Amino acid sequence: MTPYEHHEYDVVIIGAGGAGLRAAIEAKARGLRVAVVTKSLLGKAHTVMAEGGMAAAMGNVQSEDNWMVHFRDTMRGGKMLNNYRMAELHAKEAPDRVYELEQWGALFDRTAEGKILQRDFGGHRYARLAHVGDRTGLELIRTLQQKVVSMGIDVFMECKVLRLVRDADGRIAGCVAYWRPTGEIVTFAAASVIVATGGVGRSWKFTTNSWESTGDGHAMALWAGAQLIDMECIQFHPTGMVWPLSVRGLLVTEAVRGDGGVLRNSEGQRFMFNYVADMFRAETADTEEEADRWYDDHDAGRRPPELLPRDEVARAINTEVKAGRGTPHGGVFLDIASRRSAEFIRRRLPSMYHQFMELAGVDITREPMEIGPTCHYIMGGVKVDAETEATRVPGLYAAGEVAAGLHGANRLGGNSLSDLVVFGRRAGIAAAEYAASSTGPRTLDDASVEEAVAEALAPFERTEGENPYDIQRDLQEMMQANVGIIRNAAEIDDALEKLQGFCDRVRRIKVTGGRAYNPGWNLATDLPSMITVSRTTALGARDRHESRGGHTREDFPTADPEYATFNLAHSAPGGRWDGDYLTERSALLEIPDELRALLEEAK
Amino acid sequence: MSEVTMRIWRGDASGGDFESFTLEQNEGEVVLDVIHRIQASAAPDLACRWNCKAGKCGSCSAEINGKPRLMCMTRIDQLPEGPVTVTPMKAFPVIRDLVTDVSFNFAMAERVPAFLPPPMPADGFRMFQVDVERGQEFRKCIECFMCQDVCHVIRDHEDSKTHYAGPRFFIRYAELEMHPLDTNDRREFIREEMGLGYCNITKCCTEVCPEHIKITDNAIIPLKERVVDAHYDPIAWLGRKITRRVKRSSDAAAVQPAP
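As the structure is a computational prediction, the values presented were derived from the model and not from experiment.

Visitor: Is there a simple way to explain the overall build of chain B in this structure?
Guide: The helix and strand inventory of chain B stands at eleven helices and seven strands. The proportion of buried residues among the 259 residues of chain B is 45%. Here the contacts in chain B between residues at least 6 apart in sequence split such that 65% fall between residues at least 24 apart.

Visitor: When you look at the domain arrangement of chain A in this model, what are you seeing that I'm missing?
Guide: Size of an interface, as often reported, equals the accessible area lost when the parts are brought together. All names here are of chain A. In terms of domain boundaries, chain A breaks down into domain 1 (237-375) and domain 2 (458-564). Computed from C-alpha coordinates alone, the two centres of domain 1 and domain 2 are separated by 30 Å. If you look at the interface, domain 1 gives five residues, while domain 2 gives five residues. Of the residues that constitute the side of domain 1 that touches domain 2, the class distribution is two nonpolar, one polar and two charged.

Visitor: Can you walk me through helix 11 (residues 350-360) of chain A in this structure?
Guide: Residues and elements named next belong to chain A. Taken together, the buried positions of helix 11 are Met352, Gln355, Phe356, Leu359 and Ala360. Angularly, the buried residues of helix 11 cover 95 degrees about the axis, an arc narrow enough to put them on a single face. Buried positions along helix 11 lie against strand 11 (234-241), helix 6 (255-258) and strand 14 (369-378). Looking one or two residues past helix 11, Gly361 carries a phi angle of roughly 65 degrees, positive in sign.

Visitor: Can you help me understand the interface of chain B and chain A in this one?
Guide: Across the contact, 52 residues belong to chain B and 55 residues belong to chain A. Residue assignment for the side of chain B that touches chain A shows that the elements contributing at least two residues are helix 1 (31-40), strand 6 (94-96), helix 2 (103-110), helix 3 (129-139) and helix 11 (250-254) of chain B. Broken down by element, the side of chain B that touches chain A gets its largest block of residues, five residues, from helix 3 of chain B. Along the lines of polarity and charge, the residues of the side of chain B that touches chain A split into 27 nonpolar, twelve polar and 13 charged.

Visitor: What exactly am I supposed to notice about the packing of helix 3 (residues 84-103) of chain A against helix 12 (residues 415-437) of chain A here?
Guide: Any two packed helices are characterised by how steeply their axes cross, that is the angle between the axes, and by the distance between the axes. All names here are of chain A. Two elements in contact, helix 3 and helix 12, have axes separated by 9 Å at closest approach and are oriented at 95 degrees. In this view, helix 3 runs roughly perpendicular relative to helix 12, as classed from their interaxial angle. On helix 12, the residues touching Leu89, His90, Glu93, Ala94 and Arg97 of helix 3 are Ser418, Asp419, Val421, Val422 and Arg425. Class assignment of the residues belonging to the contact of helix 3 with helix 12 gives a composition of four nonpolar, two polar and four charged.

Visitor: Mind showing me how you'd approach the pairing of strand 18 (residues 582-587) of chain A here?
Guide: The side chains of a regular strand alternate, first on one face of the sheet and then on the other. Residues and elements named next belong to chain A. Burial runs low along strand 18: only zero of the six residues are buried. As paired strands, strand 17 (residues 566-571) and strand 18 are joined by six bridges and run antiparallel to one another. Bridge assignment links Asn567 to a residue of strand 18, and that residue is Ser586.

Visitor: Whenever I open this one, the environment of Thr552 of chain A confuses me. Can you help?
Guide: All names here are of chain A. Structurally, the position occupied by Thr552 is in the loop between helix 16 (519-543) and strand 17. Spatially, the C-alpha atom of Thr552 lies 8.6 Å from that of Ala541, the residues being eleven residues apart in sequence. Apart from the residues within four sequence positions on either side, Thr552 is in contact with Arg315, Ile485, Ile486, Arg487 and Ser547.

Visitor: When you look at the sheet that holds strand 5 (residues 129-130) of chain A in this model, what are you seeing that I'm missing?
Guide: By definition, the strands of a sheet pair up through backbone hydrogen bonds, in either a parallel or an antiparallel sense. Residue and element names in this part refer to chain A. Here we have three strands laid out as an open sheet, ordered 3-5-4, and antiparallel in their pairing. Strands with a single pairing partner mark the edges of an open sheet, and in this sheet they are strand 3 (54-55) and strand 4 (118-119). The pairing of strand 3 with strand 5 spans two bridges and is antiparallel. In the strand pairing of strand 5, Ala55 is matched with Leu129.

Visitor: Please explain unusual backbone geometry as it appears in this structure.
Guide: Leaving glycine out, the prevailing phi sign among residues is negative, and the prevailing peptide bond configuration is trans. Residues and elements named next belong to chain A. Cis peptide bonds are those with omega within 30 degrees of zero, and the linkage from Trp243 to Pro244 qualifies with -5 degrees. In this structure, Pro244 sits in the loop between strand 11 and helix 6. One non-glycine residue, Asp230, lies in positive phi territory at about 55 degrees. Topologically, Asp230 is positioned in the loop between strand 10 (228-229) and strand 11. By the C-beta count within 10 Å, which is 33 here, Asp230 ends up buried.

Visitor: Please explain the domain arrangement of chain B as it appears in this structure.
Guide: Residue and element names in this part refer to chain B. Partitioning chain B into domains gives domain 1 (3-100) and domain 2 (103-254). For domain 1 versus domain 2, the separation of C-alpha centres amounts to 32 Å. In this complex, domain 1 contributes twelve residues to the contact, which on the side of domain 2 involves 13 residues. Of the residues assigned to the side of domain 1 that touches domain 2, the class counts are seven nonpolar, three polar and two charged.

Visitor: Hey, could you run me through the sheet that holds strand 17 of chain A in this one?
Guide: All names here are of chain A. On the basis of which strands lie adjacent, the open sheet formed by four strands has the order 15-10-17-18 and antiparallel pairing. With partners counted over all chains shown, the strands left at the sheet margins are strand 15 (381-382) and strand 18, one partner each. Bridge analysis of strand 10 against strand 17 gives two bridges, and the strand direction is antiparallel. Bridging from a neighbouring strand, Ile229 pairs with Ala569 of strand 17. Contacts from helix 16 reach strand 10, strand 17 and strand 18 within the one sheet, and its direction differs from that of strand 17 by about 145 degrees.

Visitor: Looking at this structure, I do not really get the packing of helix 3 of chain B against helix 6 (residues 167-178) of chain B. What am I missing?
Guide: Residues and elements named next belong to chain B. Packing of helix 3 against helix 6 leaves a shortest axis separation of 9 Å and a crossing angle of 160 degrees. Our classification of the angle between helix 3 and helix 6 gives roughly antiparallel. Crossing of helix 3 against helix 6: the hand is left-handed. Here Arg134, Gly135, Phe138 and Arg139 of helix 3 come into contact with helix 6, specifically with Ile171, Arg172, Ala174, Glu175 and Met178. In the contact of helix 3 with helix 6, the residues fall into four nonpolar, one polar and four charged.

Visitor: Please clarify how the pairing of strand 7 (residues 159-166) of chain A should be interpreted in this entry.
Guide: All names here are of chain A. Summarising burial for strand 7: eight of the eight residues are buried, a large majority. Bridge analysis of strand 7 against strand 8 (residues 172-179) gives seven bridges, and the strand direction is antiparallel. Bridge pairing links Arg166 to Ile172 in strand 8. Counting the residues that bridge the hairpin from strand 7 to strand 8 gives five residues, and of these Gly170 lies at a positive phi of roughly 85 degrees.

Visitor: I tried to follow the nonpolar core on my own but got confused; where do I start?
Guide: Most often, soluble globular proteins have nonpolar side chains that are buried together. Counting residues in hydrophobic clusters, the biggest one holds 258 residues, and the most contacted among them are Val11, Val12, Ile13, Ile194 and Ala431 of chain A together with Phe170 of chain B. The element that contributes the greatest number of residues to this core is helix 12 of chain A, accounting for twelve residues. Residues contacting Val12 of chain A, with those up to four places away along its chain left out, are Ala35, Val37, Gly174, Cys175, Phe188, Ala190 and Val193 of chain A.

Visitor: For this particular structure, what's the right way to read helix 16 of chain A?
Guide: Residue pairs three or four apart in sequence face the same way in an α-helix, which turns once every 3.6 residues. The end-to-end C-alpha separation of helix 16 of chain A is 36 Å, in line with the 36 Å expected for 25 residues at 1.5 Å each. Among the 25 residues that make up helix 16 of chain A, 23 are buried, leaving the element largely enclosed by the rest of the structure.

Calculation rules
- Residues numbered from 1 in each chain as written.
- Chains lettered and ligands numbered in written order.
- Predicted model: local features only at pLDDT ≥ 70, side-chain atom pairs only at ≥ 80, totals over all residues.
- Helix = DSSP H or I, 4+ residues; strand = E, 2+ residues; numbered from the N terminus.
- Buried ≥ 20, exposed ≤ 12 C-beta atoms within 10 Å, placed from the backbone.
- Contact = placed C-beta atoms within 7 Å.
- Domains from an automatic or database assignment.
- Nonpolar A, V, L, I, M, F, W, Y, C, P; charged D, E, K, R; others polar.
- Arc of directions from axis to C-beta.
- Axes fitted to C-alpha atoms, helices over the stretch in contact; angles between N-to-C directions.
- Parallel < 35°, antiparallel > 145°, perpendicular 65-115°, else oblique.
- Pairing = 2+ DSSP bridges.
- Left-handed = near helix turned anticlockwise from the far one by under 90°.
- Core = buried A, V, L, I, M, F, W, Y, C linked by C-beta atoms within 7 Å.
- Expected span 1.5 Å × (residues − 1).

Now the structure itself:
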């Protein structure tokens, strides 16, 4: 036995965002011993940043909506790289998950008849996003948090998991973590572990993501034997703030466009009309007049091109700026001031109003915003079974942004919050059933624990070495430049070579100060995960010789049908972050004919 | 390019002192940006909490020039000229530097008797915008705990923490009390166990709320009225004497199976 503080549970959930909390509720409801381990305080997870809403085909605003249309929209938005079964389950189950939140105390905005109001969003054919103003993620996290607290679930806050540990049979046995306030090591034994750690955006310079999004779960699952797929598919959200520099990348919700905001270049042109791909032409307006009619009456015109899926809009903005039609700070204009009343804007978009007023000194009821693409979301992640969210490692599950499949090559706005609760719940059920049925106590392998602890503490031992912040900054700049929104072979190969250099630098980190609440040390423990994510993203980007969704290659500018038949799957045979990775093709699930028929309907 | 001097309190539960850092000032920067630049250069072990850097998560609360503020929403160029003083929230024990132990708030959250709705009709609940808006105002709360920090009942009286919930939880109770679906009656509990009477409506909490929630006017005062109404209602008083009925606890609410 190791000398550290130790806890035993049936199910340990890493991450306290929407997916982790929803999984915990489900596992606890089955009478198991459940712990949630989070590196932040409860209620601060990145889920709070989600603004626009939660997609669910309830048909409260447009009764024509149903799960089949939602399924179709999700698959088309994902450029058919999705796990169709996840897209099907998600579309079918999302409405129940929204109603369930209401039973737990959530207060969504209402229709005139008192039903849950739904708003329009990019890529969704009908008004589909249940929402609360522009703070839907906060409502989701608070509702789940309050449910978790009322159920008496153990939450380990500011406790950062360093590594997963398996037993002699290769099953998951638990994990090693450290308490941020004290720096002391703590171990957890558990039959099932669910990683629900969110995203990876911190490896890029301009991102909507917080310090937490370092891909810990992606990396730990890979090291423990799971596979990562679609890592090249990164969503650059079209509308991030571009000025002041200190807030560059901060999210501007898509709801601005859903509620009537339009994109213009420096010449005042609504340029999105020039970027409608054939796939979306039939359902997109041809003229400004038609698009504007749609806002008032969805049957009187087709959808405005500003509401195309995010990958389409982000690429268009990128092209406009490169062509010299950008704003003074290198973005384009997002204008709602000239199109909606000040009262409407303040009521519908209160946090955007405050964000621009307080951080940029811009009154969005009077002036246009300057916006540009920003790293927002990773579609790729841990490869899981659609029904259970199980990985190929017995006892290991993944749900939420860290898992892959639902969104294919590009995620539609609003599909993330529903993803969290649909698949968080499913992971909670499966992990609980596995824990209840599996035999034998889990014993953490002492050597694995000691190796993880030694690696974490090594930066204190060195008398000289690198500042982890320097490495992080250089990594972010390199990934932004080489594996950003538009990619090519030379830059990706250069990135892969440089990432080897980053591995060397991380092995030389020296941290100063003590172990208690030391952010420099915490960053040193994040960097192996950030490098793992960067390496798999670069490998996927290198091998996908086409452009699809959140992966754009200037040397392969179009989609290639052959590449729509497989995902690129990465594994780490030696289990080391700095060891060799294996990248192979993994065939997509065959879509049954009746679902394929839904996708091929003309409209 | 002008410069900015930051006086930052550094230390732990055993004590500490101010450390000064002078840096270039960049256009549009907030206090948290400057803290990050100090971490990246002179003091990588400078402890502070932050997550979203957009005023949505409520992690980076501190006292800036003596006033509770979110570091991510406080622009340097809007502070008075001269050094910027940053100290940890005073009402909570220091862990390290700007990080405090806010576990009091999580302990109070555990004591909230849970939301308890009636069974949902087959086609969902009906609620109207005008009715949900009252609760929505309180659900804007990002749990920065600055209202707790500034509330003198907590700030000046450490022993209050056993029997006084504080403004953050008074808006939570007000939200539940005004929730169109909730059936759980917490009024006696709020009066007896949560110390609502200790609040003497000085509105300090409302002043520091970064979400501009009218904590005193819209939550605490109406809550006081409802609690007092319930307590001094002679029929309710008689009922309490006879039955001493215990309110449905959070346990009872929590065991509802997930639908």
